[in-house]
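The residues making up each chain are set out below.
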Amino acid sequence: MPWVRPGRWGQRMAYRVEYSGELMEFASLDAALDCARNAIVNDLGRIDGWSVEHDEELNDWYVRGVRNGRRIGPTAIVTGPRGRQAVFEEWERRVVFIGETPADAFAMAAAWLEKRPDITTLGDVGWHHTADGHQLRVYFQP
């Protein structure tokens, strides 16, 4: 998949995504995480969810696909701005479920949440219909 830098020339990009030797830059964390997710899905195919770990000292996120409850494939690294952070995002972790129908996606989310009693707070839920199916994003705080 050829990667093209989004935005206009001269626009300052704050987040970088590295995956399988490719590099892309984005202005927002959400766009960078979407890029990482898309790169993983394009590489591995069907994914049940995501593993996202944040290294607060480096301000990097490590994204991997999850299938059948296990992390699979290479890691996409999202590098955040260095130095003093001016933007704070509370919901840095998310999991994505892709089902053939909306009911499938919600059932996967319910089953996943049932297995994660440590998650007591959900931040937001996003819904998209994509070429892969019905995509449900759940943002959470562990």
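Trainee: I keep staring at the pairing of strand S4 (residues 60-67) and nothing clicks. Help me out?
Mentor: For a regular strand, the rule is simple: side chains alternate between the two faces of the sheet. Both strand S3 (residues 49-55) and S4 contribute to a ladder of 7 bridges, which runs antiparallel. Within S4, the residue paired with Trp50 across the bridge is Gly65. Remark: 4 residues form the turn of the hairpin made by S3 and S4, two consecutive strands paired antiparallel; Asn59 in that turn has positive phi of roughly 65°. Relative to strand S5 (residues 70-79), S4 is paired through 7 bridges, and the arrangement is antiparallel. When the bridges of S5 are listed, Asp60 appears paired with Thr79. Linking two consecutive strands that pair antiparallel, namely S4 and S5, is a turn of 2 residues; a positive phi of about 55° is found at Asn68 within it.

Trainee: Explain empty space enclosed by the protein to me, please; I cannot follow it from the model alone.
Mentor: Where empty space is left becomes clear once a probe the size of a water molecule has been rolled over the atoms. Per the counting criterion, the structure on display carries 2 cavities of 30 Å³ or more. In this structure, the largest cavity occupies an estimated 50 Å³ of space. Taken together, Leu33, Arg37, Trp50, Val52, Val63 and Arg94 make up the lining of the largest cavity. Elements with a minimum of two residues in the lining of the largest cavity: helix H1 (29-44) and S3. Residue composition of the lining of the largest cavity, grouped by class: 4 nonpolar, no polar and 2 charged.

Trainee: Is there a simple way to explain the sheet that holds strand S2 (residues 22-26) in this structure?
Mentor: As a general point, the strands of a sheet are linked pairwise by backbone hydrogen bonds and lie either parallel or antiparallel. Taking strand neighbours across the sheet as the criterion, the 5 strands line up as S2-S1-S5-S4-S3 in an open arrangement whose pairing is antiparallel. Taken across any chain shown, the strands that pair with only one partner, and hence form the sheet edges, are S2 and S3. With strand direction ignored, the average angle separating the axes of adjacent strands in the sheet is 25°. Packing against the sheet, H1 makes contact with strand S1 (15-19), S2, S3, S4 and S5, and its axis sits at approximately 145° to S5.

Trainee: Help me understand the packing of aromatic side chains, please; the structure alone is not making it clear to me.
Mentor: The geometry of an aromatic ring pair comes down to the distance between the two centres and the angle between the two planes. All told, the structure shown has 3 aromatic pairs when counted by the stated rule. Relative to Trp112, the ring of Phe97 has its centre 5.9 Å away and its plane inclined at 65°; by these criteria the two rings are edge-to-face. With a gap of 15 residues between them, Phe97 in strand S6 (residues 93-99) and Trp112 in helix H2 (residues 102-114) connect regions that are remote in the sequence. Centre to centre, the rings of Phe106 and Trp127 are 5.3 Å apart; their planes meet at 15°, and the pair counts as stacked. Placement of the pair is Phe106 in helix H2 and Trp127 in strand S7 (residues 121-130), with a sequence separation of 21 residues. When its relative accessible area of 46% is taken as the criterion, Phe106 is described as partly exposed.

Basis of the calculations
- Residues numbered from 1 in each chain as written.
- Predicted model: local features only at pLDDT ≥ 70, side-chain atom pairs only at ≥ 80, totals over all residues.
- Heavy atoms only, no water.
- Pairing = 2+ DSSP bridges.
- Helix = DSSP H or I, 4+ residues; strand = E, 2+ residues; numbered from the N terminus.
- 1 Å grid on protein atoms, 1.4 Å probe; cavity = no way out; pocket = protein on both sides within 12 Å on 5 of 7 lines; lining within 4 Å.
- Points joined across faces, edges and corners; volume = space filled by probe spheres on them.
- Nonpolar A, V, L, I, M, F, W, Y, C, P; charged D, E, K, R; others polar.
- Axes fitted to C-alpha atoms, helices over the stretch in contact; angles between N-to-C directions.
- Contact = heavy atoms within 4.5 Å.
- Phe/Tyr/Trp six-rings, centres within 6.5 Å; stacked < 30°, edge-to-face > 60°.
- Buried < 20%, exposed > 50% of the residue type's maximum accessible area, 1.4 Å probe, protein only.

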